[in-house]
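Analysis of the macromolecular model
This is what each chain is made of:
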Amino acid sequence: MDFASEDRAMSLSPDEYSLLTDLYQLTMTACYVGEGIEDKPASFELFTRKLPDNFGYLIAMGLTQALDYLENLKFNSSQIEQLKSLGIFSNVNHRFWSVLAEGTFSGNVWAVPEGTAVFANEPILRIEAPLWQAQIVETYLLNTINYQTLIATKAARMRDAAGPDAKLLEFGTRRAFSPQASLWAARAALGAGFDGTSNVLAALKLGRKPRGTMAHALVMAIAAIDENEDAAFEAFHHYFPGAPLLIDTYDTLKAAQRLAEQVKAGKIKVQGVRLDSGDMVELSKQVRSLLPEVEIFASGDIDEVEIARLKGAEAPINGYGIGTKLVSGTPVNGVYKLVEIDGIPVMKESSSKVTYPGRKQIYRLMEGGKMKGDRLCLIDEGESINPSSIGLLQLVMKDGKLVNQPEPLAAIAERTAASVASLPPECRRFDNPIFPTLEISEELANLRQKFSKSTEVK
């Protein structure tokens, strides 16, 4: 292979999923094969040790794409030849190549349904599979679940701040971390309660109509040629009569005054306007007085804290277009750790990175539709479980096959809304939230203590 050549497109297709991994997943797999343990039954759990600052919860998202990845995991002959040509694997057992060539994902997956609120140290997903399979999928699973969970959580917080009636549109494609990320961000936002996305490809893939307004460039271009800002409004309204008009390119209030005069004269029917700069509270109030029947959209580096501020100031804003503050930010630092191998519970004991051993289940106690707390247990605990609690981890893939068809985004959005509404108010606040109680079962606590003592340096 000519390693000096470059693929300038750097695009991804499903048949390349297998190579979208970190090198050490492959080198560890080679070691497992060499030691003859590659098919030992193993369980890995994906969870976060802590939440981003001032996040009181996370909304699990990305499972659908994770399962799609597992369904399509396969190394073809060309990919194996590429790996051989690297020279990195020259000392591995020859069976390593046949394991890759013949292998597909054949394990079980337990996961929290998308749209469910989760907390630190609670497994979002568990893989139960032959060791090499469970190991090699780590990178992709963390990528899709970490990112979509971040976007879904931020979107849910924004929906919580805006209320159920405000229109929320995802405008983040130009600020997302990659073209692929822009598709995932749009999906996660819709799954967490947004009403639409401006990303045309994402909308079409998800069976939605793309949503948007107009940009300052159109106003400036037509106004420069016609020497009249109103000509830009008239032109856009002519071709897209229901779309909001962007009125802050020059003087927001003067533009609103002229539109109001045209509306009264019956020359134009304005359904919405967008404000992208300035004092949103005062401008929205003045625009509302001039155009009382028109929906007002706000955009421009808006997040949940700003939405809450605008609502608190009684700004008459009907909807928000949200980009940068939605698709970027402090990452969700999910990790993927081995918890059981060949029936033996295991745990990590590194400083500040200790894990809980064994396969686990989360039981959520609900009363009157409100969350009272979670209990983290080993999966074989039964008698100690409150019969009123709900086991969050569900079997979603068995022997490499989906248990059920993927859920529609509308159902996921409904679950997100119900899940957030069930949380205590102090958990939902944006400054110094208080987490719900997470009780560790006595059996799990004892197992962790037992393993800690058994591995002490003598």
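Refer to the structure printed above.
A short tour of the structure in this document, coming up. None of these values were measured; they are calculated from a predicted model.

1. With respect to the environment of A315
Among the structural elements, A315 can be located in the loop between α13 (304–312) and β11 (319–322). Taking the relative accessible area as the measure of exposure, A315 reaches 12% and is therefore buried. Contacts of A315, omitting those with residues within four sequence positions, involve V281, S284 and L310.

2. A few points about the nonpolar core
For soluble globular proteins, the rule of thumb is that nonpolar side chains tend to be buried together. Grouped together as the largest cluster of nonpolar side chains are 126 residues, with contacts concentrated most on L70, I127, L141, I247 and Y320. Excluding anything up to four places from it in sequence, L70 contacts F105, V109, I127, V137, L141 and M397.

3. A look at unusual backbone geometry
Even without a glycine there, the phi angle at E227 is positive, about 55°. Looking at the element boundaries, E227 is found in the loop between α9 (216–226) and α10 (229–239). At E314, a residue that is not glycine, the phi angle is positive and equals roughly 60°. Here E314 lies in the loop between α13 and β11. Accessibility expressed as a relative area gives 64% for E314, which makes it exposed.

4. Here's the deal with helix α4 (residues 95–102)
Three or more residues of α4 are buried, namely F96, W97, V99 and L100. Viewed along the axis of α4, the buried residues span an arc of 160°, placing them on a single side of the element. Summarising the contacts, the buried residues of α4 are in contact with α1 (23–35), α3 (77–85) and α5 (131–136).

5. Some thoughts on a nonpolar patch on the surface
Taken together, L23, L86 and I88 make up a surface patch of nonpolar side chains, about 250 Å² in accessible area. Note on placement: L86 falls in the loop between α3 and α4.

6. Observations regarding the pairing of strand β6 (residues 167–170)
When a strand is regular, its side chains alternate between the sheet's two faces. Pairing analysis gives four bridges linking β6 to β11, with the strands arranged parallel. Pairing of E170 across the sheet is with I322, part of β11. One ladder, built from two bridges, connects β6 with strand β7 (residues 196–197); its direction is parallel. Along β7, the bridge assignment pairs E170 with T197. Considered for its hand, the β-α-β crossover made up of β6, helix α7 (residues 179–191) and β7 is right-handed.

7. Notes on the pattern of salt bridges
Close approach of charged atoms allows side chains with opposite charge to pair. Scanning the model with the defined rule gives 21 salt bridges in all. Of the charged contacts, one joins D342 and K40 as a salt bridge, the two residues approaching to 3.6 Å between their closest N and O atoms. In this pair, D342 is assigned in the loop between β12 (334–341) and β13 (344–345) and K40 in the loop between α1 and β1 (41–48), connecting sequence segments 302 residues apart. The exposure class of D342 is partly exposed, given its relative accessible area of 39%. For R126, the salt bridge is made with E45, and the minimal N-O distance between the two is 3.3 Å. Placement of R126 in strand β5 (residues 125–130) and of E45 in strand β1 is noted, with a sequence separation of 81 residues between them. The residues R126 and E45 share a single accessibility class, namely buried. Several salt bridges share partner residues, and in doing so they unite E45, R126, E128, E340, R359 and K360 into one network.

About the thresholds
- Residues numbered from 1 in each chain as written.
- Predicted model: local features only at pLDDT ≥ 70, side-chain atom pairs only at ≥ 80, totals over all residues.
- Heavy atoms only, no water.
- Helix = DSSP H or I, 4+ residues; strand = E, 2+ residues; numbered from the N terminus.
- Buried < 20%, exposed > 50% of the residue type's maximum accessible area, 1.4 Å probe, protein only.
- Contact = heavy atoms within 4.5 Å.
- Core = buried A, V, L, I, M, F, W, Y, C linked by side-chain atoms within 4.5 Å.
- Arc of directions from axis to C-beta.
- Patch = residues over 30% accessible without salt bridge, like charges linked within 9 Å, V, L, I, M, F, W, Y side chains within 5 Å.
- Areas by Shrake-Rupley, 256 points an atom, 1.4 Å probe, with all protein chains shown as cover.
- Salt bridge = Lys/Arg side-chain N within 4 Å of Asp/Glu carboxyl O.
- Pairing = 2+ DSSP bridges.
- Right-handed = clockwise from strand over helix to strand, strands pointing away.

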